[in-house]
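# Observations on the three-dimensional arrangement
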Amino acid sequence: MTEPQIAVGILSGKEIEFSFPIKFISSVGTEIAGTQKAIYQNGKIRWQEKEYDELSFTPQQGTHTFFELKNVTIGINFHWERKEIQKFKGELKIIIEGEQLTAINVIAIEEYLTSVISSEMSATASLELLKAHAVISRSWLLNKLRIENDKLKKTMPSNSAANSQFSILNSQFIKWYDHEAHKNFDVCADDHCQRYQGITRASTPQAIEAVSATRGEVLMYKGAICDARFSKCCGGAFEEFQNCWENVKHPYLIRQRDSKTEKQLPDLTIETEADKWIRTSPVAFCNTQDKKILSQVLNNYDQETADFYRWKVSYSQQELSELIHQRSGIDFGQIIDLIPVERGTSGRLVRLKIVGTLRTLIIGKELEIRRTLSTSHLYSSAFVVDKEYGNELPSRFILTGAGWGHGVGLCQIGAAVMGEQGYKYEEILSHYYPGSTLEKQYK
Ligand SMILES: [Zn+2]
Ligand SMILES: [Zn+2]
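As the structure is a computational prediction, the values presented were derived from the model and not from experiment.

Parameters and conventions
Residues numbered from 1 in each chain as written. Chains lettered and ligands numbered in written order. Predicted model: local features only at pLDDT ≥ 70, side-chain atom pairs only at ≥ 80, totals over all residues. Heavy atoms only, no water. Donors = N, O, S within 2.8 Å, 3.2 Å for Na, K, Ca; no water. Tetrahedral: all angles 85-135°; square planar, octahedral: opposite > 155°, others 65-115°. Helix = DSSP H or I, 4+ residues; strand = E, 2+ residues; numbered from the N terminus. Buried < 20%, exposed > 50% of the residue type's maximum accessible area, 1.4 Å probe, protein only. Arc of directions from axis to C-beta. Pairing = 2+ DSSP bridges. Axes fitted to C-alpha atoms, helices over the stretch in contact; angles between N-to-C directions. Contact = heavy atoms within 4.5 Å.

### Comments concerning the coordination of the zinc ion (ligand 2)
Note on the zinc ion (ligand 2): its protein donors are C234 (SG), D258 (OD), C286 (SG) and C411 (SG). The metal-donor distances range over 2.1 to 2.3 Å. Considering all four donor atoms around the zinc ion (ligand 2), the spread of angles at the metal, 105 to 120 degrees, places the coordination shape in the tetrahedral class. Taken in chain order, the donor set of the zinc ion (ligand 2) reads C-x23-D-x27-C-x124-C. Of this pair, C234 sits in the loop between β16 (230–231) and α5 (271–279) while D258 sits in the loop between β16 and α5, placing them 24 residues apart in sequence. The exposure classification of C234 matches that of D258, with both residues buried.

### Some remarks on helix α10 (residues 425–432)
Listed in full, the buried residues belonging to α10 are Y425, I428, L429, H431 and Y432. The arc enclosing the buried residues of α10, seen along the axis, measures out at 160 degrees, which places them on a common side.

### Details of the coordination of the zinc ion (ligand 1)
The protein atoms donating to the zinc ion (ligand 1) are H182 (NE2), C188 (SG), H192 (ND1) and C193 (SG), with metal-donor distances spanning 1.9 to 2.3 Å. Each of the four donor atoms bound to the zinc ion (ligand 1) contributes to angles spanning 104 to 116 degrees, and the resulting shape is tetrahedral. Mapping the donors of the zinc ion (ligand 1) onto the primary sequence gives the spacing H-x5-C-x3-H-C. Here H182, found in the loop between β12 (172–177) and β13 (187–188), pairs with C193, found in the loop between β13 and α4 (205–213); they are 11 residues apart in sequence, far enough to count as distant.

### Some words on the sheet that holds strand β21 (residues 383–389)
Here we have three strands laid out as an open sheet, ordered β17-β22-β21, and antiparallel in their pairing. The two strands at the open ends of the sheet, each matched to only one other strand, are β17 (310–316) and β21. Each strand axis lies, on average, 20 degrees off the axis of its neighbour in the sheet, ignoring direction. Across the sheet, α5 is in contact with β17, β21 and β22 (394–402); its angle to β21 comes to roughly 85 degrees. Where helix α7 (residues 317–328) meets the sheet, its contacts fall on β17 and β22, and the angle it forms with β17 comes to roughly 95 degrees.

### A short note on unusual backbone geometry
Leaving glycine aside, a negative phi is the common case for residues, and trans is the common case for peptide bonds. In this structure, the amide linkage connecting G364 to the following residue, K365, adopts the cis form with an omega of 0 degrees. With respect to the element layout, K365 can be found in the loop between β20 (360–364) and α8 (366–372). Even without being glycine, Q48 reaches a positive phi, approximately 50 degrees. Residue position: Q48 is located in the loop between β4 (44–47) and β5 (50–52). Accessibility expressed as a relative area gives 49% for Q48, which makes it partly exposed. Its identity is not glycine, yet E49 carries a phi of approximately 65 degrees, on the positive side. Assignment of secondary structure puts E49 in the loop between β4 and β5.

Right under this line is the structure:
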């Protein structure tokens, strides 16, 4: 296998403006330089007074040039959302999607990874943590390319809700969310896939080193590339895949304590054990308050709390009943109780019973629970509930919780601590993906 290329969807619009500082070759065989504009018109791409179904522009052989795309939106849905000019190496492709145009960057996978690791990871992170992340990102990408080659893509309708599965059975609403596939390219440039800005910002020397030192390496289990999930903080114990997504067991995504000194892990699927675990602060790699380490993993660290290994959220009766109504679209009336029904191996709730004065419903899985009980996302679904009573109904609900995110696979805070403690990236990966092996897919 040689190094694959990846197609990244950058932006869509009725018009796309782009420019070439040095000559590029167009798919119609002409040499192009300077500022260009392509417009969607009557189901075609209009460019230089001619119409096309698809266009592409490649750099001349042996040149290390780039192209620019204008009006790329960054920080979508953040207060700092704005448009900027972005620079990319590799090929520019323009295609028609719906009633507009989409600009796609076709780029060698290692080049892409260097950009992604630079923008997603702090430059202060240890080299071993960056290497571990490079392997995870590469595994995810190659897995995606392989699945698409298996023609799964063709059976998946575009823009459908193929990422969320749900069933309503016996008063249960069980839903999970997984990655929605793109139809006309491999990954998008937003947080939905991995944030990618080409060479707009300089790659960090650490990211360049981490990617090149692990070139071609992916995580494998029994001949297949691993589904290398990761989250911010497991809370001390790993969650298993099937408790968050579809009911498939991955042998390398299994229950384990996030520690090498403390191997014992209580059975957190048992309510009394989970209760004890969540209300205490057990030893784990991710049980840290070290600001230097936390800032390696958390963007805008200053605005974040350090209390996510164990955390607390408190709602009044009115706040909680309104929140659940608004978030689920279901009117439960006043909330009488939140009752754990099923927990996973990290203590995360897989199913939660909401008892209201108007109705009772069991919801799941973990992300649905987190979305229902917060205006954005609750840190995790590993929580226990305490109630304060004013009259017959609870006047206040206090949620005490553990960890941040789904807790499956690599725990970013724990991995950052391991990196600081001198563990090699191979050790970090085999800790979080037990039984997996590292294999080079190409030179
Ligand atoms: Zn995407
Ligand atoms: Zn952890």
